[in-house]
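Chain and residue survey
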Amino acid sequence: MIIEKLKTFIYNTLKNKKKESDTRIIDLGILLSNQTKPLKFIILALFNPSSAKNIKKFNDPNAKDWCFSLAMLLQGACASSVSLIELTKVFSTKTRDSFGISRTIVETITNIIFLLASGHSEADKAIRHYRQKTFSNLNKEKKYGAFSISMKFSGIPDISEIPNMEEMIEEFTSDSGKPINWPTTSLKHRLEIIRKKFGDKICGQLALANFGIYSNASEILHGSLYGCLFFFGGGTPLDSKDMVVSAKNNALDQVLVSQIVSIAAFNTLYQCMAKEFDAELFNKASKDYWEELNNIMDASSK
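I will try to describe carefully the structure that is included in this document. As the structure is a computational prediction, the values presented were derived from the model and not from experiment. (Residues numbered from 1 in each chain as written. Predicted model: local features only at pLDDT ≥ 70, side-chain atom pairs only at ≥ 80, totals over all residues. Heavy atoms only, no water.)

1. Topic: the overall build of the protein
Note the threshold: Strands are runs of DSSP state E lasting at least two residues, helices are runs of H or I lasting at least four, and both sets are numbered from the N terminus onward. Think of it in three bands: with a 1.4 Å probe and only protein chains considered, a residue is buried below 20% of the maximum accessible area for its type, exposed above 50%, and partly exposed in between. In what follows, a contact means two residues having at least one pair of non-hydrogen atoms within 4.5 Å.
Counting its regular elements, the protein contains eleven helices and two strands. Helices and strands in the protein line up, N terminus first, as α-α-α-α-α-β-β-α-α-α-α-α-α. Relative to its 302 residues, the protein shows a buried fraction of 42%. Within the protein, residue pairs in contact and separated by at least 24 positions form 72% of the contacts whose partners lie at least 6 positions apart.

2. Comments concerning the packing of aromatic side chains
We count it as follows: The pairing test for Phe, Tyr and Trp rings, Trp by its six-membered ring, is centres within 6.5 Å, and the orientation test on the planes gives stacked under 30 degrees, edge-to-face over 60, and tilted for anything in between.
According to the stated counting rule, one finds five aromatic pairs in the structure shown. Consider the rings of Phe 99 and Phe 230, whose centres lie 5.4 Å apart with planes at 65 degrees: the pair is edge-to-face. Placement of the pair is Phe 99 in helix α4 (residues 98-118) and Phe 230 in helix α9 (residues 225-234), with a sequence separation of 131 residues. The exposure classification of Phe 99 matches that of Phe 230, with both residues buried.

3. Details of the side chain of Ser 286
Looking at where Ser 286 falls in the secondary structure, it is placed in helix α11 (residues 280-300). By relative accessible area, Ser 286 is classed as buried at 1%. Residue contacts for Ser 286: discarding those within four places in its chain leaves Asn 267, Tyr 270 and Gln 271.

4. Let's talk about the pattern of salt bridges
Rule in force here: Whenever Lys or Arg places a side-chain nitrogen within 4 Å of a carboxyl oxygen from Asp or Glu, that contact is recorded as a salt bridge.
Summed over the entire model, instances satisfying the criterion amount to eight salt bridges. Glu 171 is paired through a salt bridge with Arg 128; the nearest N and O atoms lie 2.8 Å apart. Of this pair, Glu 171 sits in helix α6 (residues 165-171) while Arg 128 is found in helix α5 (residues 120-136), placing the two residues 43 residues apart along the sequence. By relative accessible area, which is 33% here, Glu 171 ends up partly exposed. The class of Arg 128 is partly exposed, set by a relative accessible area of 28%. For Arg 195, the salt bridge identified is with Glu 192, shortest N-O distance 2.7 Å. Note that Arg 195 and Glu 192 are positioned in helix α7 (residues 187-198) at a spacing of three residues, about one turn of the helix. Judged by its relative accessible area of 30%, Arg 195 is partly exposed.

5. Section: the nonpolar core
The test is simple: In this text, buried Ala, Val, Leu, Ile, Met, Phe, Trp, Tyr and Cys residues form a nonpolar core when linked through side-chain atoms within 4.5 Å.
Counting residues in each nonpolar core, the largest one holds 68 residues, and the members touching the most others are Leu 116, Ile 194 and Leu 269. Take this core: its biggest share by element is 13 residues, from helix α10 (residues 243-276).

6. Brief notes about unusual backbone geometry
One can expect most non-glycine residues to show negative phi and most peptide bonds to be in trans. The peptide bond linking Trp 182 to Pro 183 adopts the cis configuration, its omega dihedral lying at 0 degrees. For Pro 183, the position within the fold is in the loop between α6 and α7. In this structure, Asn 164 is a non-glycine residue whose phi angle is positive, near 65 degrees. Tracing the chain through its elements places Asn 164 in the loop between β2 (147-152) and α6.

7. Let's talk about the pairing of strand β1 (residues 139-144)
Remember that side chains alternate between the two faces of the sheet whenever the strand is regular. Using the following cut-off: Any two strands between which DSSP finds at least two bridges are classified as paired.
Two elements, β1 and β2, share six bridges in a ladder whose sense is antiparallel. In the sheet register, Lys 143 faces β2, and the bridge partner there is Ser 148. Following β1, the chain reverses through two residues before pairing antiparallel with β2; Gly 145 in that reversal takes a positive phi of roughly 65 degrees.

Keep in mind that these numbers describe shape and distance, not what the molecule does.
If you want it as structure tokens, here you go:
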């Protein structure tokens, strides 16, 4: 009976052309947009350190690759936030994909803070990974059961002509011949490095953001039945008396979760930048955004 109710709700949701919205979704989208705007100036400064002379770490001659890596990761997180904002402007079945985008935001910001905590050596490693993977992708082959698919570009330079390429490929290839991704360390290890640099509070905020989104986003991204049912309330108790109402509320709640954990991740990033770059401006921005988030959620509970 419960499954039949759920099937009816899904059918009606897919059939209903009338779109619904929620003031919280709109307000959180505006907040997320406001969060990323100041970061665009940081990205420009990282690409052109001489324009930010007051931030000494940007102008360190040895920080060129570190600045570049931070800039590209920041740009990626901001781009994903734009996608999340666009996707959640109107509450509908398409907003299930907000979880996957939110996970990208949280993971990217975690890696940005990991770079802030680790310094130049980790940025150098990220660039080595990028370079060797770009080269390896020029000539690659993959087996899928009885099938083998390969792709090879013409005009591939000889590996011996590229300084350190053989060493870089070896660094990011396991003993069994499988590629090693960057970051090379587990999330648990990265969070511990972040904790040592920025303290328990920052580490706790990032851990909570990852905890709130990671597992269910994986289910959705990998196309499992649970992932498809999750948006429609598959994560709610199956003995619910009103499955339709429960499913609808759950779907809305999960969209809000995807927005809130993304906002929390960006706020955590601001706190870390305040400490790393000795810039009180970032601290103030973080406090303002936390206050705005609290106001939005408090207003919705009245």
